[in-house]
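Structure assessment
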Amino acid sequence: MTIKFVLLVNKQGQTRLAKYTDSSLTTDERRALEAEIVRKCLMRVDKQCNFVEHRSWKVVYRRYASLFFLVGIDDEENELGILEMIHCVVETLDKWFSNVCELDIMFSLETTHHIIDEMIANGCVVETNKANALTPVQLLERVS
């Protein structure tokens, strides 16, 4: 019942954000994993389903404009629930950045990490309400 990783990747296969909850992977293993999964997901056509099995994980992904949101989960996790969670994350980022794009994520990486941290903790979805997820980020913005 856990989310193992969250990746935001552009159409060229460049990772824009990587968040891992599985600390057993080394940096080299993570890099190799990202390359394999990104290649596998980018090669798929739009008519194929958004679930891919890779090694011991399932990868749920969704494309929004030029960004792919990929989430690695274990076998017990609900794929459709994760697909909904991805959509909720995108809506929350849209609300914060007002129509989020790849550049917003690149230039505000720390803020994007804070938003995702508010929604996912220790591999579990902890917040799906956009306003509740953005409140701590708004407080951090006021302080700085």
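Presented here is an overview of the structure given in this document. Remember, predicted model here, so these are calculated numbers, not experimental data.

All right, on to the overall build of the chain then. A tally of regular secondary structure across the chain gives 5 helices and 7 strands. If you list the helices and strands of the chain from N to C, you get β-β-α-β-β-β-α-α-α-β-β-α. Against the globule reference of 15 Å for 144 residues, the chain gives a C-alpha radius of gyration of 15 Å, in line with a compact fold. By principal-axis analysis of the C-alpha atoms, the chain measures approximately 45 × 30 × 30 Å. For the chain, the residues scored as buried account for 39% of the 144 residues in total. When contacts within the chain are restricted to residue pairs at least 6 apart in sequence, long-range pairs at least 24 apart make up 49% of them. With an accessible surface of roughly 8100 Å², the chain has 50% of that area assigned to carbon and sulfur atoms.

Core analysis: the largest hydrophobic core is formed by 28 residues, its most contacted members being Ile 3, Phe 69, Val 71, Ile 82, Met 85 and Ile 86. Within the residue set of this core, elements represented by two or more residues are β1 (3-10), β4 (57-64), β5 (67-73), α2 (79-97), α4 (109-119) and α5 (130-143). Take this core: its biggest share by element is 9 residues, from α2. Contact partners of Ile 82, with chain neighbours within four places excluded, come to Ile 3, Val 60, Val 71, Ile 73 and Glu 77.

The contact between α4 and α5 brings their axes to 8 Å, and the two run at 145 degrees. In the crossing of α4 with α5, the sense of the turn from one axis to the other is right-handed. Judged by residue contacts, Thr 111, His 114, Ile 115, Glu 118 and Met 119 of α4 engage Ala 133, Leu 134, Pro 136, Val 137, Leu 140 and Glu 141 from α5. For the contact of α4 with α5, a count of residues per class yields 7 nonpolar, 2 polar and 2 charged.

Looking at the secondary structure, you find Asn 10 in strand β1. In this structure, Asn 10 is in contact with Arg 16, Leu 42, Ser 66, Leu 67, Phe 68 and Glu 102, ignoring residues within four places of it in sequence.

On to the sheet that holds β1, then. Each strand in a sheet pairs with another by means of backbone hydrogen bonds, the pair being arranged parallel or else antiparallel. Pairing is antiparallel in the open sheet, where 5 strands are placed in the order β2-β1-β5-β4-β3. With one partner strand each, in any of the chains shown, β2 (15-20) and β3 (51-54) form the two edges of the open sheet. For this sheet the average axis-to-axis angle between neighbouring strands, irrespective of direction, equals 20 degrees. Most of the contacts of helix α1 (residues 27-42) go to β3, to which it runs at about 140 degrees, and overall it touches β1, β2, β3, β4 and β5. Where α2 meets the sheet, it contacts β1, β3, β4 and β5, and its direction lies at approximately 40 degrees from that of β4.

The phi torsion at Asn 99 lies on the positive side, around 70 degrees, for a residue other than glycine. Inspection of the secondary structure puts Asn 99 in the loop between α2 and α3 (102-107). The phi dihedral of Asn 122 falls on the positive side, at around 55 degrees, and the residue is not glycine.

Cut-off values and rules
Residues numbered from 1 in each chain as written. Predicted model: local features only at pLDDT ≥ 70, side-chain atom pairs only at ≥ 80, totals over all residues. Heavy atoms only, no water. Helix = DSSP H or I, 4+ residues; strand = E, 2+ residues; numbered from the N terminus. Rg over C-alpha atoms; globule rule 2.2 N^0.38 Å. Buried < 20%, exposed > 50% of the residue type's maximum accessible area, 1.4 Å probe, protein only. Contact = heavy atoms within 4.5 Å. Areas by Shrake-Rupley, 256 points an atom, 1.4 Å probe, with all protein chains shown as cover. Core = buried A, V, L, I, M, F, W, Y, C linked by side-chain atoms within 4.5 Å. Axes fitted to C-alpha atoms, helices over the stretch in contact; angles between N-to-C directions. Left-handed = near helix turned anticlockwise from the far one by under 90°. Nonpolar A, V, L, I, M, F, W, Y, C, P; charged D, E, K, R; others polar. Pairing = 2+ DSSP bridges.

In short, geometric facts, not functional conclusions.
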